[in-house]
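Here is how the chains run, residue by residue.
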Amino acid sequence: MGSIDSSFYPSSHSNGPTISYSSGPNSSSYGSGPTNSYGSGPASSYSSGPNNSYGSGPTSSYASGPASSYGSGQKQTLSNTALSNPTLRLNDGNEIPMLAFGPGSVFSGQPDQVFNSALSAIRNGFYHLDVAEVDGNEQQLGSAIRQSGVPRSQLFITTKVWTVGTTVRAAFDASLERLGLDYVDLYLVNWPQIADKPDRLQQIWAEVEAIKESGRARSIGVSNFLPEHLDTILRTARVKPAINQIEYHTYLQHDNLINFHRQHGIATAAYAPLTPITKARPGPIDNIFLSLAKKYGVSEADIALRWVIDQGIVAVTSTSSEERLQSLRRNLPSFKLTQGEVQEISYLGKQKHFRGFFNDIFDAGDRR
């Protein structure tokens, strides 16, 4: 495994994520789940590049395959054989593919649609798949995995616990049964409201730690947590959360939370990264997204995802369109944004605030 070319990520990774390329599709990933996010903080500063510094934590790597060279402002040619997907090294030493695919919730469509979406993603080389108990989509993903014929060892599977009726172990066992798997690569506590008080949250995290120690979850983390929730866990944790999956896009940057992650070696994953395009138009980033899409010969959605990945953040996305999957496979590894472009998008994005999820919890102006 080698380090990634500095043309993709800046060469300066102080104590933080580094990028390499593992051989094989084990680093191909996409996944979305119902996770939350926390508002924007101070302006983004990308001194040595797009903020890839994660304290003593995550490092990034890429599956070997086509288009592993990303000169700034240059388009490359992607072959039709393997999806090239960077991976981020987590604080536990495991690596997570930086592009994840979520097949959608059974509650927003038909179960067959979720199955077909997952199967199409796998067949198009998207091997990081992200589901959740609350979305009711674990069984459909499990069926898609079996029908795909792709070896389990080549997949990266994330799922999440939403409620604890008896124990976390019971909830986890039920998830594995629905998935038809012996283990998952990443198990997340889906939201801090799973507990009604701090010591209960600490107890739940201790149960999640035990699952990791059993080997049935390779890595463990959280979702939709604010710094105060992370602080609660860290006070008693024997195993630090590897990642916090949050709603993150240009209109919800919550830099204070991202900086907290970096200070504590916790990686960031972004769900709903396309919100500025799909839910929040018109807005101040519309023109720059359009301009950059024309410059690189890609879609505006590709620019939005690239803005996330070029900051060393895992992007979780979803689509029911096979054409869109093939476009992602072709376009996303073929270019990178310059540091100046990342900074400009960040600056413009902070001129608007929009939250797509958990608006019943957060006030309209809450940018945490």
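Residues numbered from 1 in each chain as written. Predicted model: local features only at pLDDT ≥ 70, side-chain atom pairs only at ≥ 80, totals over all residues. Heavy atoms only, no water.

Asker: How would you sum up the overall build of the protein? Please name residues and give values.
Answerer: When helices and strands are counted, the protein shows eleven helices and twelve strands. Taken across its 368 residues, the protein has 62% of its residues classed as buried. Considering only contacts in the protein between residues 6 or more positions apart, those separated by 24 or more positions represent 79%. Here the protein displays about 13,500 Å² of accessible surface, and carbon together with sulfur accounts for 47% of that area. (Helix = DSSP H or I, 4+ residues; strand = E, 2+ residues; numbered from the N terminus. Buried < 20%, exposed > 50% of the residue type's maximum accessible area, 1.4 Å probe, protein only. Contact = heavy atoms within 4.5 Å. Areas by Shrake-Rupley, 256 points an atom, 1.4 Å probe, with all protein chains shown as cover.)

Asker: Break down the nonpolar core for me, citing the residues and quoting the values.
Answerer: Formed by 91 residues in total, the largest nonpolar core has its most connected members in Ile157, Tyr187, Val189, Ile194, Ile303 and Leu337. Sorting elements by how many residues they give to this core places helix H9 (residues 300–309) first, with seven residues. With residues up to four places along the chain from it excluded, the contact list for leucine 337 reads Leu292, Tyr296, Ile303, Arg306, Trp307, Asp310, Val342 and Ile345. (Core = buried A, V, L, I, M, F, W, Y, C linked by side-chain atoms within 4.5 Å.)

Asker: Explain the packing of aromatic side chains to me, using residue names and the numbers behind them.
Answerer: The full count for this structure, using the stated rule, is four aromatic pairs. Where tryptophan 162 meets tryptophan 191, the ring centres are 4.1 Å apart and the plane angle is 5°; that geometry is what we call stacked. Here tryptophan 162 is found in the loop between strand E7 (156–161) and helix H3 (168–179), whereas its partner tryptophan 191 is found in the loop between strand E8 (184–189) and helix H4 (198–214), with 29 residues between them in sequence. Across the pair, exposure class does not vary: tryptophan 162 and tryptophan 191 are buried alike. Between phenylalanine 172 and tyrosine 187, the ring centres sit 4.6 Å apart and the planes meet at 70°, which makes this aromatic pair edge-to-face. Here the residue phenylalanine 172 occupies a position in helix H3, and tyrosine 187 occupies one in strand E8, the gap between them amounting to 15 residues. Each of the two residues, phenylalanine 172 as well as tyrosine 187, counts as buried. Sitting above the plane of the tyrosine 183 ring, arginine 152 keeps its charged end 4.0 Å from the centroid. In this structure, arginine 218 is placed above the aromatic ring of tyrosine 183, and the distance from its NZ or CZ to the ring centre is 3.9 Å. (Phe/Tyr/Trp six-rings, centres within 6.5 Å; stacked < 30°, edge-to-face > 60°. Lys NZ or Arg CZ within 6 Å of the ring centre and 35° of its normal.)

Asker: Hey, could you go over empty space enclosed by the protein for me, with residue numbers and the actual values?
Answerer: Summed over the entire model, instances satisfying the criterion amount to two cavities of 30 Å³ or more. Each pocket or cavity is described by its volume, and for the second largest cavity that value is around 40 Å³. In this structure, the second largest cavity is lined by Ile96, His128, Asp130, Thr158, Leu186, Leu188, Ile243, Gln245, Ala269, Val314 and Val316. Mapped onto the lining of the second largest cavity, the elements with two or more residues apiece are strand E6 (128–130), E8, strand E10 (243–247) and strand E12 (314–317). Its residues placed into classes, the lining of the second largest cavity shows seven nonpolar, three polar and one charged. (1 Å grid on protein atoms, 1.4 Å probe; cavity = no way out; pocket = protein on both sides within 12 Å on 5 of 7 lines; lining within 4 Å. Points joined across faces, edges and corners; volume = space filled by probe spheres on them. Nonpolar A, V, L, I, M, F, W, Y, C, P; charged D, E, K, R; others polar.)

Asker: Requested: an account of helix H6 (residues 255–263), with residues and values cited.
Answerer: All of the buried residues along H6 are Asp255, Leu257, Ile258, Phe260, His261 and Arg262. The elements touched by buried residues of H6 are helix H5 (227–236), E10 and strand E11 (267–271). Phi turns positive one or two residues past the end of H6, at glycine 265, with a value near 70°.

Asker: Describe the side chain of histidine 249, and please don't skip the residues or the numbers.
Answerer: Examined against the element boundaries, histidine 249 turns out to sit in the loop between E10 and H6. Of the polar contacts made by the side chain of histidine 249, one reaches the side chain of glutamate 247; its length is 2.9 Å. (Polar contact = N/O pair within 3.5 Å; in protein donor to acceptor, adjacent residues only side chain to side chain.)

Asker: Give a description of the pattern of salt bridges that names residues and reports values.
Answerer: Within the structure shown, the criterion is met by 15 salt bridges. For the salt bridge of arginine 281 with glutamate 300, the shortest nitrogen-to-oxygen distance reads 2.3 Å. A residue pair is termed long-range when its members are at least 10 positions apart, and arginine 281 in the loop between helix H7 (275–278) and helix H8 (286–296) and glutamate 300 in helix H9 qualify at 19 residues. A residue is classified by how much of its surface remains accessible, and arginine 281, at 39% relative accessible area, is partly exposed. Ionic pairing is found between glutamate 341 and lysine 295, a salt bridge with its closest N-O pair at 2.6 Å. In this pair, glutamate 341 sits in helix H11 (residues 339–349) while lysine 295 sits in helix H8, placing the two residues 46 residues apart along the sequence. With relative accessibility at 9%, the residue glutamate 341 sits in the buried group. For lysine 295, a relative accessible area of 48% puts it in the partly exposed group. A single network of salt bridges, built from pairs that share partners, joins Arg169, Asp173 and Arg216. (Salt bridge = Lys/Arg side-chain N within 4 Å of Asp/Glu carboxyl O.)

Asker: Tell me about the environment of glycine 93, and please be specific about residues and values.
Answerer: You can see glycine 93 is positioned in the loop between strand E3 (86–89) and strand E4 (95–97). As for glycine 93 and alanine 242, which are separated by 149 residues in sequence, their C-alpha atoms are 9.4 Å apart.

Asker: Quick one: what's the story with the confidence of the model for the protein, residue by residue and with numbers?
Answerer: When pLDDT is averaged across the protein, the result is 80; 75% of the residues are at 70 or more. Here residues 1–82 is a poorly scored stretch, pLDDT under 50, and it has 333 contacts once near neighbours within four places are set aside; other chains count. (pLDDT = per-residue confidence, 0-100.)

Asker: If you had to explain the packing of helix H2 (residues 138–148) against H3 to someone new, which residues and values would you point to?
Answerer: For the pair H2 and H3, the least separation of the axes is 7 Å and the interaxial angle reads 40°. Judged by the inter-axis angle, H2 sits oblique to H3. Of the residues in H3, those touching H2 at Glu138, Gln139, Leu141, Gly142 and Arg146 are Ser175, Arg178 and Leu179. Here the residues of the contact of H2 with H3 are counted per class, giving two nonpolar, three polar and three charged. (Axes fitted to C-alpha atoms, helices over the stretch in contact; angles between N-to-C directions. Parallel < 35°, antiparallel > 145°, perpendicular 65-115°, else oblique.)

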